[in-house]
Structure formats: structure tokens, C-alpha cells
Amino acid sequence: MDSIGSNPFILDGGLATELEERGFQLQADPLWSAKILYTDPKAIKDVHYRFLQCGSDVITTATYQATIEGFIKYLGLKPEDAEELLMSGVQIAKETATDFMSSCATSDRRVPLVAGSLGPYGAFLHDGSEYTGAYEKWMSVEELKDWHRPQVRCLVAAGADLIAMETVPSLKEAEALVELLREFPDAKAWLSFACKDTQSISDGNKFSQAVQVANKSTQLLAVGVNCSPPDLVKPLLESAKSHKAPNMSWVVYPNSGEDWEPSKGWKTDKRMPFSDLSLEWKEQGALWIGGCCRVGPADIMELRSVLI
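Below, the structure is looked at part by part. Fair warning: this is a prediction, and the values are worked out from it, not measured in the lab. (Residues numbered from 1 in each chain as written. Predicted model: local features only at pLDDT ≥ 70, side-chain atom pairs only at ≥ 80, totals over all residues. Heavy atoms only, no water.)

## A look at the pairing of strand 5 (residues 189-193)
Of all five residues that make up strand 5, five are buried, and the element is covered over most of its length. Here strand 5 shows a buried face lined by Ala189, Leu191 and Phe193 and a second buried face lined by Trp190 and Ser192. Examined bridge by bridge, strand 4 (residues 162-168) and strand 5 share four bridges and lie parallel to one another. The partner of Val168 across the bridge, within strand 5, is Phe193. Note that the unit made of strand 4, helix 8 (residues 171-181) and strand 5 has a crossover that is right-handed. When strand 5 meets strand 6 (residues 220-226), the two strands line up parallel, connected through five bridges. In the strand pairing of strand 6, Ser192 is matched with Gly224. Between the parallel elements strand 5 and strand 6, the chain passes through helix 9 (residues 207-214) in a crossover that is right-handed. (Buried < 20%, exposed > 50% of the residue type's maximum accessible area, 1.4 Å probe, protein only. Helix = DSSP H or I, 4+ residues; strand = E, 2+ residues; numbered from the N terminus. Pairing = 2+ DSSP bridges. Right-handed = clockwise from strand over helix to strand, strands pointing away.)

## Some remarks on a negative patch on the surface
A contiguous patch of negative charge, built from Glu80, Asp81, Glu83 and Glu84, is present on the exposed surface. Here Glu80 lies in helix 5 (residues 79-103). Overall, the relative accessible area of 45% leaves Glu80 in the partly exposed class. (Patch = residues over 30% accessible without salt bridge, like charges linked within 9 Å, V, L, I, M, F, W, Y side chains within 5 Å. Areas by Shrake-Rupley, 256 points an atom, 1.4 Å probe, with all protein chains shown as cover. Salt bridge = Lys/Arg side-chain N within 4 Å of Asp/Glu carboxyl O. Lys, Arg positive; Asp, Glu negative; His and termini not counted. Charge placed at Lys NZ, Arg CZ, Asp CG, Glu CD.)

## What to know about the packing of aromatic side chains
Taken as a whole, this structure holds eleven aromatic pairs when the rule is applied. Seen from their ring centres, Tyr121 and Phe124 are 6.1 Å apart, and the 35 degrees between their planes marks the pair as tilted. Here the residue Tyr121 and the residue Phe124 both occupy positions in helix 6 (residues 121-125), the gap between them amounting to three residues, near one helical turn. With respect to class, Tyr121 is no different from Phe124; both count as buried. Measuring from centroid to centroid gives 6.4 Å for Phe193 and Phe207, while their planes differ by 80 degrees, and the two rings are edge-to-face. Taken as a pair, Phe193 in strand 5 and Phe207 in helix 9 lie far apart in primary sequence, 14 residues in all. Here Phe193 matches Phe207 in class, with each residue buried. Members of the aromatic cluster, joined through ring pairs, are Phe9, Trp190, Tyr253 and Trp288. In this structure, Arg110 is placed above the aromatic ring of Phe9, and the distance from its NZ or CZ to the ring centre is 3.9 Å. Between Lys244 and the ring centre of Trp250, over which it is positioned, the NZ or CZ distance is 5.4 Å. (Phe/Tyr/Trp six-rings, centres within 6.5 Å; stacked < 30°, edge-to-face > 60°. Lys NZ or Arg CZ within 6 Å of the ring centre and 35° of its normal.)

## Re the side chain of Ser228
With respect to the helices and strands, Ser228 occurs in the loop between strand 6 and helix 10 (233-240). Within the structure, the side chain of Ser228 is placed 2.8 Å from the backbone nitrogen of Cys195, a separation counted as a polar contact. Separated by 3.1 Å, the side chain of Ser228 and the backbone oxygen of Asn226 make a polar contact. Filtering out sequence-adjacent residues up to four positions away, Ser228 remains in contact with Phe193, Ala194, Cys195, Pro254 and Asn255. (Polar contact = N/O pair within 3.5 Å; in protein donor to acceptor, adjacent residues only side chain to side chain. Contact = heavy atoms within 4.5 Å.)

In C-alpha cells:
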């Protein structure tokens, strides 16, 4: 996973956003894009392929809201079938990466990596608490570890190149994930936080404190910010630069800057193109750069053209 020269790894964008562009109704579904693993896996593969065509070096699995309990509850699956379905998210992405490389006409592309997406507990609750971390008040670190363990086990067993522990809203959940990762000693990961302002993650704790939690792990390749407005990224990284371990990289993949309302979805009047901002993030040492919600393949193509 070494960088080529000083070039960062280009991540993908919002997989669910692209599925919605193709007509899928995900907004009110408690499984979100993970349901499409069950109903139309080829659509997932097509979106992965499109992001690769547009320059992504890393594709993220459609498992952000995929959980064993969720698949049992909402799809009526048996536990073993739920595990297979979650693992299929990694398998689909790996197959797509293989197909892309076999038809890739250029020799300057990295072999794509597959990041197994692991969303916070709040994503399962489907009540907006993934952006507040409110549930940490009644859950212990051990309970959070117990919740995440089946999903991490599946992502690792399916052969994800790394785990994308993403949109983490609280220090407590970050501590749980860092501890849980030690149970899978051969696994690598990044840890990225949803942030609410230029200094703080969603639960109100300082981003610099979150970075210090990440430093406790020798398995984390990067720590950073995702699904937050692009204009928060630079000051957030600046606020924590003195706390980041020397061997830790920054991972950055903000959303489009538009506002999210749980009852209505995305308000599409405040889009903030960030390809130019990405040059600043690269200068700050970000090695993994991409987009999250409302960021499409065309945005990734532009991002790559600016950074590579």
C-alpha cells in the first residue's frame, strides 16, 4: 500500500448517491445501499466499476449499513445467510477490481484496493444518531465491541484489503473499534470521524483527542474525516497535526457540503466542489483522498486530475 511517488490514493465517492442516480430508492430503507447487495448485486458492481473508470484507487464496499442483525431483522435471513450476504459485499468489490485491471489499457494505475466499509452503531439504529453518537451514553466500550465484532469478522474473512471504520461520531466508539481491531492482528484499517465544526467530532470531543485514540493502534494506516463539509477539513487537520503519530497518514473524504435532514434527505442547494481544496489537504499530508455522500464519479475524475 505504498504511495507512488507523492501521489495520494484516490478513494471513490458516494456509492449510495450513484445508486440513487440510477433510480434506486434508498432514503427510508434501514439497510440503505446494503439492501442492494440482496436485491441487485450487479448494480453494486456497476457502480464500483464506474468509480474505477473515473480514477479511484480504492473502492469501498456497500456494507456501511450492513449488519448481521439488520439482515436478519429486515430481510428475514438466517444468521449464516446474513454473514454470506455481508461477505458478498467484499467479494463483489474484489471481482470488480479484477475485471477492471484485466481491461485496463494504462499501466500507470495502481491495483485497486478494497476497503470494507464499517459504519457506526447509529447507522443500524437508522435514527440520525450516527451524526451525534448519542447512543454512547447507554452503551459501554465492551457492548460496542460486541456489536461490531460480527461485521469486522466477515469483512476480514472475505478478504478486504483494509477496513474503513467510518463516520465514527464519538470517542467511545473509536476506542471500541481500536480495541476490537487488535482481535484481528493481520487486519489493517483506517479510522475516520464525522465532525461538526473546525475543532470537534460529532459528540463534541476535540478531533485532536480522536487522533490520539487512533495513535493507540499499530494497525491503523490512517485517521481522518469523512461525511463532513469540505471546508472543515483543513482546520480539522491543522488542529490535530501535532497529535498525529509520524507513521499515521490522514484520510479525507468529505461530503458535497450540502445539508442533511433525517426526515427529508439532502438539501441540494449548497454544493461545494472540493477538488481545489484537495490540494491543500495533500499539502497537509493526506495520503487517502476521496468523497462521501453526494460525491459522484465525475467528481472523482476531477479530483484525480487535480491531484495526480
